[in-house]
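Read off the chains here:
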Amino acid sequence: DAGVIQSPRHEVTEMGQEVTLRCKPISGHNSLFWYRQTMMRGLELLIYFNNNVPIDDSGMPEDRFSAKMPNASFSTLKIQPSEPRDSAVYFCASRPGQGGSEGETQYFGPGTRLLVL
Amino acid sequence: ILNVEQSPQSLHVQEGDSTNFTCSFPSSNFYALHWYRWETAKSPEALFVMTLNGDEKKKGRISATLNTKEGYSYLYIKGSQPEDSATYLCAFAGTASKLTFGTGTRLQVTL
């Protein structure tokens, strides 16, 4: 199994540009999570999906951030327009079960390191 | 806002030392407590998931205990090796069906 796949692995962009991060969860997994990791706040949940449906987006910082999951094997996190304070590592994770699966392990992708100049 | 705290923030030990860290979490609405190991420039990797009060899990030289009544978990490493150097994260799973992570304990093991 290839594990969770994220692309790109690194992204450098200029303030104001649109950034799209991509994630392919492990095949057969029903839940997908987007996290952001910063020095100040550690690993924080942005949004998660069950069966492609967004369940909780309370962690999304503001309207500049949006996430979609058009099918079970693909999700995007978009930032438009990007700002320097968005610079962070963005992780995608997937989990086999749906709601009520808190005891199941989440499997993390390698992350996308974003730098907004 | 859920409060998941880990201590110490960082730890520096010598090869062969045994060490332990603490994760404290809310004692109400508990479903599971996860431990992850996170090496620099890699992604977090699951170590344990614990769901029952009194749970003890072991993986090689690493073990963990859980006390849900008082809201804490300990992670132990016996005979630390340089390859154990990493950040160890705990994550609390409550009724919201999502994980709230602590800020981690950064372990450095030197020869």
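Residues numbered from 1 in each chain as written. Chains lettered and ligands numbered in written order. Predicted model: local features only at pLDDT ≥ 70, side-chain atom pairs only at ≥ 80, totals over all residues. Heavy atoms only, no water.

### Observations concerning the interface of chain A and chain B
Each partner contributes residues to the interface: chain A has 21 residues there, and chain B has 20 residues. Where chain A abuts chain B, roughly 1600 Å² becomes buried across the two surfaces, and 60% of that area is made up of carbon and sulfur atoms. For the pair chain A and chain B, the number of links is zero salt bridges. At the surface where chain A touches chain B, the tally comes to two residue pairs in polar contact (both at pLDDT 80 or more). Sorting the residues of the side of chain A that touches chain B by element identifies strand E4 (31-38), strand E5 (42-50) and strand E9 (88-95) of chain A as the ones contributing at least two each. Considered class by class, the residues forming the side of chain A that touches chain B number eight nonpolar, nine polar and four charged. (Contact = heavy atoms within 4.5 Å. Buried area = accessible area lost by both parts, 1.4 Å probe. Salt bridge = Lys/Arg side-chain N within 4 Å of Asp/Glu carboxyl O. Polar contact = N/O pair within 3.5 Å; in protein donor to acceptor, adjacent residues only side chain to side chain. Helix = DSSP H or I, 4+ residues; strand = E, 2+ residues; numbered from the N terminus. Nonpolar A, V, L, I, M, F, W, Y, C, P; charged D, E, K, R; others polar.)

### A closer look at the pattern of salt bridges
Summed over the entire model, instances satisfying the criterion amount to 11 salt bridges over all chains. The closest approach of N and O atoms between Arg-64 of chain A and Glu-62 of chain A, which form a salt bridge, is 2.9 Å. For Glu-39 of chain B, the salt bridge goes to Arg-37 of chain B, with nearest N and O atoms at 2.9 Å. Overall, the relative accessible area of 26% leaves Glu-39 of chain B in the partly exposed class. On the basis of relative accessible area, Arg-37 of chain B is assigned to the buried category, the value being 14%. In the salt-bridge network here, residues are joined through shared partners; they are Glu-62, Arg-64, Glu-83, Arg-85 and Asp-86 of chain A. (Buried < 20%, exposed > 50% of the residue type's maximum accessible area, 1.4 Å probe, protein only.)

### Side note on the sheet that holds strand E6 (residues 56-59) of chain B
Two modes of strand pairing occur in sheets, parallel and antiparallel, and in both the strands are linked by backbone hydrogen bonds. Residue and element names in this part refer to chain B. Across the sheet, which stays open at both edges, the five strands sit in the order E1-E3-E8-E7-E6 with antiparallel pairing between neighbours. The open sheet has two free edges, formed respectively by strand E1 (5-7) and E6, since each of these has just one partner strand. Taking the axes of each pair of neighbouring strands and ignoring which way they run, one obtains an average angle of 15 degrees across the sheet. Where E1 meets strand E3 (residues 19-24), three bridges bridge the pair, whose relative direction is antiparallel. Looking at E3, one finds that Ser-7 is bridged to Thr-22. (Pairing = 2+ DSSP bridges. Axes fitted to C-alpha atoms, helices over the stretch in contact; angles between N-to-C directions.)

### Observations regarding unusual backbone geometry
Negative phi values dominate among residues other than glycine, just as trans dominates among peptide bonds. The step from Ser-7 of chain A to Pro-8 of chain A runs through a cis peptide bond, and the omega angle for that step is -10 degrees. If you trace the backbone, Pro-8 of chain A turns up in the loop between strand E1 (5-7) and strand E2 (10-13). Backbone torsion omega between Gln-80 of chain A and Pro-81 of chain A reads -5 degrees, so that peptide bond is classified as cis. Along the polypeptide, Pro-81 of chain A turns up in the loop between strand E8 (74-79) and E9. For Asn-29 of chain B, which is not glycine, the phi torsion reads 55 degrees and is therefore positive. Looking at the element boundaries, Asn-29 of chain B is found in the loop between E3 and strand E4 (32-38). Unusually for a residue other than glycine, Ala-41 of chain B sits at a positive phi of about 65 degrees. With respect to the helices and strands, Ala-41 of chain B occurs in the loop between E4 and strand E5 (45-50).

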